[in-house]
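Single-letter residue listing:
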Amino acid sequence: MSNILTSELIRRLAYGELSNLKMASAGDGTILAADLPKVLLQINNALTELYTKFLLSQKEVVINAQETITQYYLRYEFAQSNLASAQPVLYIDDSSIVNWDGRIVKVLHVYDGFGRELYLNKSQEPLSVFTPQFDCLQITANHQSEDFYVIFQALHPIVNYDTAPDPDTDTLIEDLPPALEKPLELLIASKVYGQMNGEANVTKSAMLHQQYEAKLLEAEFRDTLSTSENTSNSKLERNGFV
């Protein structure tokens, strides 16, 4: 997996796909300060698209079940690490995750406290759990376990780059296969051009998106995406359940 600083990604864009734009006119691998928020927005949009399309990051939290609650939302406002939360019950134990921001794609697996994988959305199974929403786990059965280990597909945390503070704010982009680095650059550039007026920019955006799709097909054909399971710091593993 690659680890790329946001500043490095911006440098590549400024020297590459965005080099013909005024925002990169300095020619030194930087984006004009006035245009940087627009580029950062599209970087985050592109990361969301890729981390939704491919299983690049899995995370695990523990739901501490409560007698009076049946629907548990996998949101940071219910996390025990959120010291600023106004929620009366913080039922998510997120101690196995570093800097979780509560952004998820979907629930993948659920285990009870005995290490047994539970059925998802199987109404005919008496101990099934349900996902009425992409970030909601419904626990209605009379389970013997009070703790539920939830493994979910995670989005990449919001990235930022700001040279104003000292030291700079420069987010590390993690869990990205090397084969997706170029597609990411092409997708960001396509989105940047797509937000600009003019037929030429629309055409450029479409062309870049076609190149992005072609790079994805090439990566999938060569099987270089490395999108296999990537669960780390698992409490289930530490407890010997898997």
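Residues numbered from 1 in each chain as written. Predicted model: local features only at pLDDT ≥ 70, side-chain atom pairs only at ≥ 80, totals over all residues. Heavy atoms only, no water.

Draft legend 1. Local environment of the overall build of the protein chain. Broken down by element type, the protein chain carries 5 helices and 11 strands. Taken along the three principal axes of its C-alpha coordinates, the protein chain extends 65 × 45 × 35 Å. Counting all 242 residues of the protein chain, 43% fall into the buried class. Long-range contacts, defined here as pairs at least 24 residues apart, represent 68% of the contacts in the protein chain between residues at least 6 apart. Summed over all atoms, the accessible surface of the protein chain reaches about 12800 Å², with 48% contributed by carbon and sulfur. Distance between charge centres in the protein chain, computed from 18 positive and 32 negative side chains, equals 6 Å. (Helix = DSSP H or I, 4+ residues; strand = E, 2+ residues; numbered from the N terminus. Buried < 20%, exposed > 50% of the residue type's maximum accessible area, 1.4 Å probe, protein only. Contact = heavy atoms within 4.5 Å. Areas by Shrake-Rupley, 256 points an atom, 1.4 Å probe, with all protein chains shown as cover. Lys, Arg positive; Asp, Glu negative; His and termini not counted. Charge placed at Lys NZ, Arg CZ, Asp CG, Glu CD.)

Draft legend 2. Looking closely at the packing of aromatic side chains. Inspection of every chain in the model, using the stated rule, returns 4 aromatic pairs. Ring geometry for phenylalanine 78 and tyrosine 91: centres 4.8 Å apart, planes at 15 degrees, overall stacked. With phenylalanine 78 in the loop between strand E3 (71-73) and strand E4 (92-93) and tyrosine 91 in the loop between E3 and E4, this residue pair connects regions lying 13 residues apart in the sequence. Each member of the pair, phenylalanine 78 together with tyrosine 91, is buried. Here tryptophan 100 and phenylalanine 152 contribute two aromatic rings whose centre-to-centre distance is 5.8 Å and whose plane-to-plane angle is 45 degrees, an arrangement assigned as tilted. Taken together, the positions of tryptophan 100 in the loop between E4 and strand E5 (104-112) and phenylalanine 152 in strand E8 (residues 147-154) put the pair 52 residues apart, joining distant regions of the chain. (Phe/Tyr/Trp six-rings, centres within 6.5 Å; stacked < 30°, edge-to-face > 60°.)

Draft legend 3. How the structure looks around helix H1 (residues 6-15). Those residues of H1 not exposed but buried are Thr6, Leu9, Ile10, Leu13 and Ala14. Taken end-on, H1 shows its buried residues confined to a sector of 135 degrees, consistent with a single buried face. Buried-residue contacts for H1 involve strand E1 (2-5), helix H2 (36-53), strand E9 (161-162), strand E10 (169-170), strand E11 (172-176) and helix H3 (181-194). (Arc of directions from axis to C-beta.)

Draft legend 4. How the structure looks around the packing of H1 against H3. Following both chains from N to C, one finds H1 and H3 inclined at 65 degrees, their axes separated by 11 Å at the closest point. The angle between H1 and H3 places the two elements in the roughly perpendicular class. Seen along the crossing, H1 lies across H3 with a hand that is right-handed. Contacts between H1 and H3 involve Leu9, Arg12 and Leu13 on the former and, on the latter, Glu181, Leu184, Glu185, Ile188 and Ala189. The residue inventory of the contact of H1 with H3, partitioned by class, reads 5 nonpolar, no polar and 3 charged. (Axes fitted to C-alpha atoms, helices over the stretch in contact; angles between N-to-C directions. Parallel < 35°, antiparallel > 145°, perpendicular 65-115°, else oblique. Left-handed = near helix turned anticlockwise from the far one by under 90°. Nonpolar A, V, L, I, M, F, W, Y, C, P; charged D, E, K, R; others polar.)

Draft legend 5. Up close: the confidence of the model for the protein chain. Here the protein chain shows a mean pLDDT of 91. Residues at 70 or above account for 91%. For residues 228-233, every residue scores under 50 in pLDDT, and the model assigns this stretch 12 contacts once sequence neighbours within four places are set aside. This stretch, residues 238-242, has a pLDDT under 50; its non-local contacts, to residues over four places away or in other chains, come to 9 contacts. (pLDDT = per-residue confidence, 0-100.)

Draft legend 6. Quick peek at the sheet that holds E8. Across the sheet, 4 strands lie side by side as E4-E2-E8-E5; this open sheet has antiparallel pairing. Two strands in the sheet have a free side with no partner beyond their single neighbour: E4 and E5. Looking at chain direction, strand E2 (residues 58-64) and E8 are connected through 7 bridges and run antiparallel. Bridged to asparagine 64 within E8 is aspartate 147. (Pairing = 2+ DSSP bridges.)

Draft legend 7. Seen up close, the sheet that holds E3. Spatially, 3 strands are ordered E3-E7-E6 in an open sheet, and the strand pairing comes out antiparallel. In the strand order of this sheet, the two ends are held by E3 and strand E6 (130-133), each with one partner. The sheet shows a mean angle of 35 degrees between the axes of neighbouring strands, taken without regard to direction. Summarising the sheet, E6 and strand E7 (residues 136-138) pair through 2 bridges and their orientation is antiparallel.

Draft legend 8. Inspection of the environment of phenylalanine 134 at higher detail. Within the secondary structure, phenylalanine 134 sits in the loop between E6 and E7. Through-space distance from the C-alpha of phenylalanine 134 to that of isoleucine 104 is 8.0 Å; in sequence the pair is 30 residues apart. Discounting residues that sit within four places of it in the chain, phenylalanine 134 has contacts with Ile104, Val105, Lys106 and Val107.

Draft legend 9. Representation of unusual backbone geometry. Of note, the amide linkage connecting aspartate 166 to proline 167 takes the cis form, showing an omega dihedral of 5 degrees. The topology assignment puts proline 167 in the loop between E9 and E10. For asparagine 99, which is not glycine, the phi torsion reads 55 degrees and is therefore positive. Tracing the backbone shows asparagine 99 in the loop between E4 and E5. By relative accessible area, asparagine 99 is classed as exposed at 66%. A positive phi is found at aspartate 175, a non-glycine position, where the angle reads about 60 degrees. On the secondary structure map, aspartate 175 appears in strand E11.

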